[in-house]
Structure formats: structure tokens, C-alpha cells
Amino acid sequence: MRYLEALAENPILQAPMAGVADAPYRAINKRFGSGLSFSEMVSAKGLHYDKKRNKSHLLLKLAPEEQGTALVQLFGSNPKMMADQALVVADLLGGDIVGIDINMGCPVPKVVNKGDGSALMKSPELAARIIDAIRRALDAHGYESLAVTAKHRKGWEPSSVNAVGFAKGLEDAGATAITVHGRTRDQFYRGQSDRNIIKEVKDALRIPVIASGDAFTAEACLDIIQETGADAVMVARGSYGNPWIFEQSAALRSGQNLPPEPTLADRLALLRQHSLESIEWYGDPHLVRMRKHAAWYVAGQPAAAVFRRRLHNLSTVEELDLLTEEYLAHYG
């Protein structure tokens, strides 16, 4: 299975992040050495009703760099609809993807209030039925080579930590691999990720387990794999404005020294390239999508707060060029 081969070849993965990890973002991280990539989460219900193939179908588009190493992440809680839309994805993307990932970890209210995302942590049997329905549907239509994976949390809340049993149920239902985020839903992204629970899941399962949570540096990525025994680690917020984390992780994995930290000029040059690729991808010259990325690229740099304030008045690449030239002249 191509998924398992890609996972073994490069265990430092790009996480799915709604509103952040779009195709231009994933393409840049692939160039810096990320492994498997995951689409932004796509609503199965949204796909079902998106007859004109507008918003939901746009999320399915892959950058050329990630074709053959990408998964589409779906969310929902109706097993039949999830299976039907997994087939839609498989029919549309064919050999360009290596699997379908199911989001069982998103903590945001508008998702969990509908019974989706991490709300499934409260319904392990339903979660297993979703995996089973998707696996059966894909197999019945000739897509046996596609992986079916899931990403879930430690539990719903501290009094109901059930990651081990939950993951075993998904494995028994036919999951190819599991990603475990070491926080409960009520933590959202606060506090520390619990590496012990990830190790417990790994020890209990036969299928690959991917660790998620607090992979903010290359050193942390390797430490997480070492401490948990996980087969891979998923980088989320650690890649904000920092695709160098993948390059650095690859160096450490191969026993090399860390590459030099990117200079301010390096960061601003990549910000510009990212902006141009975003404009080309969306066909929209306005830089509104890039404002949060721009802020991340300069995080921790001199006078970053001043740079961020001025970003909000920018609309074009030409205006961004003027700002970065001025910024480099003062602080580069």
C-alpha cells in the first residue's frame, strides 16, 4: 500500500489544519521535506450538497508537489454519507491520493455540536461504523489500495479518557493507521500534549500510530517519536511560517547538524513566494488570505508587531514588496 510505504519513508507529516493548510501551504512544506500531507478537513455533508462543485470541491484540489502522497480528510457522523463521499473523493482523485482520513478530533463548537469531529469520542461504536462503512465501500469499488485512517484525541474530557479503547475499535473496523492528539477535547490546544497516552495507544495497536501535539521544533519531532514509539509525528502549529522544521527534522534524522536558522531575508523572500502562489491558486490578487501567514513568517523577529500592524492595510504584492524592503532596510 502506497500509504504505508510513504509513511515509512518520511515520518514527519504535515497536519490538516482548517483555514491554514491549503494547497499552496502544503506545496511549500513538501518542498522543504514534509512527508504525507492532509487536506483541510472537508465536510461530507458539504460535498453531498455541493452539486456545482464550488466551495467544498475546491478543498479537494491538490498541489502538484503532493500528488501521490496526499490524503483527503473528511468529517461527519453519518456512516453512509461518509462512505458515499469517500467514494466521490476516490472517483475524483484516483491515483493522486493515498487515502482518506477521518477527522475525529476537531474541538470547535460548530463541528462538535453537530456530532462531528471530537464529539465522536463520546460514541466509539459510531466512530467504528464510519471506518467500517468507508473501508467496505472503497473495497467494493476497487479502491483497496487506498488507506482509511483517522485522527482522534486523548478523550472528550479528563473524566472520559478513552483513546486506547477508541483506537482499538477503529483498528478492528479496518483502519489502516491512527493519529492520536494527546489532548482532550476540552483542552482544545491548551496545556501540554500527553505523550504517555500516545505510547499506550501505540503499545495496544498493531497498525501504525502517528503522534500529534506540541511538535514545535525539529528536536521535539524526534523526541516525540522516541518517547512514544510512534511510527510518525504530525506537525501542525509548528509549521506556521516555519517550513524549515521539515528540513531540520530530515537533517536530524539522518544524523546531520541542524541547518542554519533562516535569516529575516529568507523569511521575507518565502513570504513573497507564498503570496504569489496563493494569488495564482485562488485567482485573486488580494492578499487577505496571506495576512495570518505573513504574521507567522516574522514571528519572533525584530519589530514584528509593527510589521503585523502594517500588514492589515496591504492588498497587493507590490505593497507587500514596499513594506518588506523598508523592514529589511531597518532590521535585516
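As a reminder, the structure under discussion sits directly above these lines.
What counts as what
Residues numbered from 1 in each chain as written. Predicted model: local features only at pLDDT ≥ 70, side-chain atom pairs only at ≥ 80, totals over all residues. Heavy atoms only, no water. Helix = DSSP H or I, 4+ residues; strand = E, 2+ residues; numbered from the N terminus. Rg over C-alpha atoms; globule rule 2.2 N^0.38 Å. Areas by Shrake-Rupley, 256 points an atom, 1.4 Å probe, with all protein chains shown as cover. Core = buried A, V, L, I, M, F, W, Y, C linked by side-chain atoms within 4.5 Å. Buried < 20%, exposed > 50% of the residue type's maximum accessible area, 1.4 Å probe, protein only. Contact = heavy atoms within 4.5 Å. Axes fitted to C-alpha atoms, helices over the stretch in contact; angles between N-to-C directions. Left-handed = near helix turned anticlockwise from the far one by under 90°. Nonpolar A, V, L, I, M, F, W, Y, C, P; charged D, E, K, R; others polar. Pairing = 2+ DSSP bridges. Phe/Tyr/Trp six-rings, centres within 6.5 Å; stacked < 30°, edge-to-face > 60°.

Chemist: Describe in detail the overall build of the protein, supporting the description with residues and values.
Modeler: From N to C terminus, the protein includes 15 helices and 9 strands. Computed over its C-alpha atoms, the radius of gyration of the protein comes to 20 Å, within 12% of the 20 Å expected for a compact globule of 332 residues. Per element, the accessible surface of the protein, about 14,400 Å² overall, is 51% carbon and sulfur.

Chemist: Would you mind going over the nonpolar core in detail, with residue names and values included?
Modeler: In summary, soluble globular proteins display a tendency toward joint burial of nonpolar side chains. In terms of nonpolar packing, the biggest core is built from 79 residues, with Leu 74 and Ile 102 touching the most fellow members. In this structure, Ile 102 is in contact with Gln 73, Leu 74, Met 82, Ile 130, Ile 131, Ile 134, Thr 149, Ala 150 and Lys 151, ignoring residues within four places of it in sequence. Counting residues in hydrophobic clusters, the runner-up holds 18 residues, among them Tyr 3, Ala 6, Leu 13 and Ala 177.

Chemist: Talk me through the packing of helix α5 (residues 79-93) against helix α7 (residues 124-140); I want residue IDs and the actual numbers.
Modeler: One way to put it is that α5 packs onto α7 with a least axis distance of 8 Å and a crossing angle of 35°. Where α5 crosses over α7, the two elements pack in a sense that is right-handed. Residues Pro 79, Met 82, Ala 83, Ala 86, Leu 87 and Ala 90 of α5 form the contact with α7, whose participating residues are Leu 126, Arg 129, Ile 130, Ala 133, Ile 134, Ala 137 and Leu 138. Along the lines of polarity and charge, the residues of the contact of α5 with α7 split into 12 nonpolar, no polar and 1 charged.

Chemist: Describe the environment of Ser 145, and please don't skip the residues or the numbers.
Modeler: Take Ser 145: it is sitting in the loop between α7 and β6 (147-155). For the pair Ser 145 and Pro 158, spaced 13 residues apart in sequence, the C-alpha separation works out to 37 Å. Excluding its chain neighbours within four sequence positions, the residues that come into contact with Ser 145 are Met 1 and Val 98.

Chemist: Could you give me a rundown of the pairing of strand β4 (residues 70-75), with the residues and numbers involved?
Modeler: Burial within β4 is extensive, with 6 of its 6 residues counted as buried. Where burial is concerned, the two faces of β4 agree: the one with Ala 70, Val 72 and Leu 74 and the one with Leu 71, Gln 73 and Phe 75 are both buried. Bridge count for strand β2 (residues 37-38) against β4 is 2 bridges, and the pairing is parallel. Bridging across to β4, Ser 37 finds its partner in Ala 70. Note that strand β3 (residues 42-43) and β4 share 2 bridges and pair parallel. Within the sheet, the bridge partner assigned to Val 42 lies in β4 and is Leu 74. The pairing of β4 with strand β5 (residues 97-104) spans 5 bridges and is parallel. Bridge pairing links Ala 70 to Ile 97 in β5.

Chemist: Account for the packing of aromatic side chains, naming residues and giving values.
Modeler: According to the stated counting rule, one finds 4 aromatic pairs in the structure shown. On the basis of an interplanar angle of 20° and a centroid distance of 3.8 Å, the ring pair of Tyr 240 and Trp 296 is categorised as stacked. Of this pair, Tyr 240 sits in the loop between β9 (232-235) and α11 (244-253) while Trp 296 sits in helix α13 (residues 291-297), and the two are 56 residues apart along the sequence. Tyr 240 gets classed as partly exposed once you look at its relative accessible area, which sits at 24%. Residue Trp 296 is classed as partly exposed on the basis of its relative accessible area of 21%. Here the aromatic rings of Tyr 327 and Tyr 331 are separated by 5.4 Å at their centres, their planes lie at 55°, and the arrangement is tilted.

So yeah, pure geometry; function would need other evidence.
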